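Close look at the chain arrangement
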Amino acid sequence: MMISGKKIVIALAVSAFVVILYLLIGWKLPVYYKINSLNLPSGCETVSKTEIIYSDAYSLNHIEGEKIVKYGGGYEKAIEYIKENNSKEKLENIVVSQYVPELSEGLSAFGKEFIEIDLPEDETKKYVRIAYYKPLK
């Protein structure tokens, strides 16, 4: 059975499309899933969408991602809950901390606009930064 030239061209086009799609967004999916699959305390509200970048800043290739959530019980209780209710595997390459706009380095250090939220002084204790950082070899 002969495969026609038309079928070969279609197969190559589909293959090229899949490769291009992976290069554009496919590498982000595992990071997105890792950040968004964490068990969070009931009542957590997502404040920012999950941002993910690839960077080669300072000749250190790495993937970085982050998400900001708000928890009425305070960042300390949220961090404690996240660390107690997620496995070591789920928390690998994840850093959970208080979101402090003035102290945050995050994505802005690598040429991308950082997630900025205007907060009243007394509100900052309710915000949690979930960050992912993985150096690439």
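**Some remarks on the overall build of the protein**
- The helix and strand tally for the protein stands at four helices and five strands.
- Going from N to C terminus, the protein has its helices and strands arranged as α-α-β-β-β-α-α-β-β.
- Taking all contacts inside the protein whose residues are at least 6 apart in sequence as the whole, residues at least 24 apart take part in 72%.
- In the structure as shown, the protein presents an accessible area of about 9400 Å², 57% of it carried by carbon and sulfur atoms.

**Quick look at the pattern of salt bridges**
- As enumerated under the stated definition, the model contains two salt bridges in all.
- The closest approach of N and O atoms between Glu51 and Lys49, which form a salt bridge, is 4.0 Å.
- We classify Lys49 as exposed; its relative accessible area is 62%.
- In this structure, Glu66 and Arg129 form a salt bridge, with 2.5 Å as the shortest nitrogen-oxygen distance. Remark: Arg129 occurs in strand β5 (residues 127-135) and Glu66 occurs in strand β3 (residues 62-70); sequence separation between them is 63 residues.

**Re the environment of Tyr71**
- Along the polypeptide, Tyr71 turns up in the loop between β3 and α3 (75-84).
- In the structure, Tyr71 is positioned 55 residues away from Lys126 in sequence and 5.2 Å away in space, judged by C-alpha atoms.
- If we skip the residues at most four places from it in the chain, Tyr71 touches Pro41, Ser42, Gly43, Cys44, Lys77, Ala78 and Lys126.

**A closer look at the side chain of Glu66**
- Accessibility expressed as a relative area gives 0% for Glu66, which makes it buried.
- In terms of polar contacts, Glu66 uses its side chain to reach the side chain of Arg129, at 2.5 Å.

About the criteria used
Residues numbered from 1 in each chain as written. Predicted model: local features only at pLDDT ≥ 70, side-chain atom pairs only at ≥ 80, totals over all residues. Heavy atoms only, no water. Helix = DSSP H or I, 4+ residues; strand = E, 2+ residues; numbered from the N terminus. Contact = heavy atoms within 4.5 Å. Areas by Shrake-Rupley, 256 points an atom, 1.4 Å probe, with all protein chains shown as cover. Salt bridge = Lys/Arg side-chain N within 4 Å of Asp/Glu carboxyl O. Buried < 20%, exposed > 50% of the residue type's maximum accessible area, 1.4 Å probe, protein only. Polar contact = N/O pair within 3.5 Å; in protein donor to acceptor, adjacent residues only side chain to side chain.

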